[in-house]
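Listed below, chain by chain, are the residues.
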Amino acid sequence: MAKLRNLISIHDLDRKMIDHILDTAAKMESVAVKRSKELDSKIMAVLFFEPSTRTRLSFESAMLRLGGSVLGFAEAGTSSAGGKGETLADTIRTVERYSDIIVMRHSLDGSARVAAEFSSIPIVNAGSGSEEHPTQALLDLYSIKKMKGKIDGLSISLCGDLKYGRTVHSLGMGLSHYDVSIRLAAPPSLRMKPTIIRAMKKAGVDVVEVESVEDAIKDADVVYMTRIQKERFPDVREYNKVKGLFRITSDEIKLMKEDTTILHPLPRVDELDSAIDNTPQAKYFDQVYNGVILRMAILKLILG
Ligand code: CP
């Protein structure tokens, strides 16, 4: 098995590597509880130029459970990049001298790959613009496998903001390595990019676009809901036209199979009514914990 050096894009991973990461994550379940000193000589830098709760804190929790140390910043404004205009290249060339791995979130598409070009230490993409969120896609795949016992053979619906939502771009490509059927449900202005649909079809996935949440959830094994990404709309009036259109409430739960699994990368706004949180289908807070497990696997495979 080739060693994992950076984790920039889901496009860089083949099925063998994805399965290896998911298998390593399964082995991390017990380590996460017992804790380990495996990475006790390692330092992880977290450079978050955009807000985050889950990705940053789950990476930190993962590193601490493996005995490593953590430094970094949680908003660009407190760094010289935000406050004084330092370039990304100079930030990376500085932080690589303080740490063994850099986990970075940035608002620009392509930023993680640029960082990797300037870095002598591994870079992990924790979200780049509206383009990619590969570790989220891997934790989503891990969640599906853990909760459903398999990925192959499932009917999976991706719903909500498929244009600006970076998690669905990475997850769609990750799922294309498996024998799945995918339904895409989004408001007309927020449909999945044709390039991604073409790539999924080329990989042999049965992909169809549907127009409503109702059409997406009927008979689905997994419903992956996403937030409308208000912060990425160039014009707030366009956001106002689509907000609140795609929602799962108690009415939609009645249309689902009892063993449908609802996932969401979180944070949510109103697309998952809190009234459904205690239904058997709602698994999005269990999914959150899998972020720690999967990120332990990433850190172990890169640094171990
Ligand atoms: N899912 C996700 O990326 O959440 P955060 O923005 O809180 O990190």
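Please read these numbers as outputs of a predicted model, since none were measured by experiment. (Residues numbered from 1 in each chain as written. Predicted model: local features only at pLDDT ≥ 70, side-chain atom pairs only at ≥ 80, totals over all residues. Heavy atoms only, no water.)

(A) Molecular detail of the pattern of salt bridges. Overall, the coordinates contain 19 salt bridges when judged by the stated rule. For the salt bridge of Asp19 with Arg15, the shortest nitrogen-to-oxygen distance reads 2.9 Å. Highlighted residues: Asp19 and Arg15, both in helix α1 (residues 15–34), separated by four residues, approximately one helical turn. Look at Arg15 and you get partly exposed, because its relative accessible area is 30%. Residues Arg237 and Asp235 are paired through a salt bridge, measuring 3.0 Å at the closest nitrogen-oxygen approach. Using a relative accessible area of 58% as the deciding quantity, one classes Arg237 as exposed. For Asp235, a relative accessible area of 24% translates into the label partly exposed. (Salt bridge = Lys/Arg side-chain N within 4 Å of Asp/Glu carboxyl O. Helix = DSSP H or I, 4+ residues; strand = E, 2+ residues; numbered from the N terminus. Buried < 20%, exposed > 50% of the residue type's maximum accessible area, 1.4 Å probe, protein only.)

(B) Region of the structure containing the side chain of Asp221. Mapped onto the elements, Asp221 comes out in the loop between α9 (213–217) and β8 (222–225). Only 2.8 Å separates the side chain of Asp221 from the backbone nitrogen of Ser155, close enough to count as a polar contact. Polar contacts involving the side chain of Asp221 include one to the side chain of Lys257, which spans 2.7 Å. When residues no more than four places from it in sequence are discounted, the contact partners of Asp221 are Lys148, Gly153, Leu154, Ser155, Lys257, Asp259, Thr260 and Thr261. (Polar contact = N/O pair within 3.5 Å; in protein donor to acceptor, adjacent residues only side chain to side chain. Contact = heavy atoms within 4.5 Å.)

(C) Focus on the packing of helix α4 (residues 88–95) against helix α5 (residues 111–118). One can describe the packing of α4 onto α5 by two numbers: an axis separation of 9 Å at closest approach and a directional angle of 50°. Here α4 is positioned oblique relative to α5, judged by the angle of their axes. α4 and α5 meet at a crossing whose hand is right-handed. Of α5, the residues touching α4 (which contributes Leu88, Ala89, Ile92 and Arg93) are Ser111, Val114, Ala115 and Phe118. Split by residue class, the contact of α4 with α5 holds six nonpolar, one polar and one charged. (Axes fitted to C-alpha atoms, helices over the stretch in contact; angles between N-to-C directions. Parallel < 35°, antiparallel > 145°, perpendicular 65-115°, else oblique. Left-handed = near helix turned anticlockwise from the far one by under 90°. Nonpolar A, V, L, I, M, F, W, Y, C, P; charged D, E, K, R; others polar.)

(D) Structural context of the side chain of His133. With respect to the helices and strands, His133 occurs in the loop between β4 (123–128) and α6 (134–148). With residues near it in sequence (within four places) discarded, His133 still touches Thr55, Arg105, Ala126, Gly127, Arg166, Thr167, Ser170 and Arg295.

(E) Structural view of the nonpolar core. Among the nonpolar cores identified, the biggest contains 69 residues, and Leu138 and Leu158 are the most heavily contacted of them. Per-element tally for this core: the top contributor is helix α12 (residues 284–303), with 10 residues. Mapped onto the domain boundaries, this core takes at least three residues apiece from domain 1 (10–133 + 290–303) and domain 2 (134–288). Counting residues in each nonpolar core, the second largest holds 18 residues, with Ala185, Met225, Ile253 and Ile262 among its members. (Core = buried A, V, L, I, M, F, W, Y, C linked by side-chain atoms within 4.5 Å. Domains from an automatic or database assignment.)

(F) Local environment of α4. Those residues of α4 not exposed but buried are Leu88, Ala89, Thr91, Ile92 and Val95. What you see down the axis of α4 is that its buried residues fit within an arc of 160°, all on one side. Among the structural elements, β1 (43–48), α3 (80–83), β3 (101–106), α5 and β4 are those in contact with the buried residues of α4. (Arc of directions from axis to C-beta.)

(G) Main features of the site of the ligand. Every residue close to the ligand is listed here: Ser52, Thr53, Arg54, Thr55, Arg105, His133, Gln136, Pro265 and Leu266. Residue Thr53 places a main-chain N or O atom 2.8 Å away from an oxygen atom belonging to the ligand. Taking His133, its side chain carries an N or O atom lying 2.9 Å from an oxygen atom of the ligand. Burial of the ligand by the protein amounts to 91% of the accessible area it has alone, namely 250 Å². Residue composition of the shell around the ligand, grouped by class: two nonpolar, five polar and two charged. (Near = heavy atom within 4 Å. Areas by Shrake-Rupley, 256 points an atom, 1.4 Å probe, with all protein chains shown as cover.)

Scope: geometric values only; no functional claims are made or implied.
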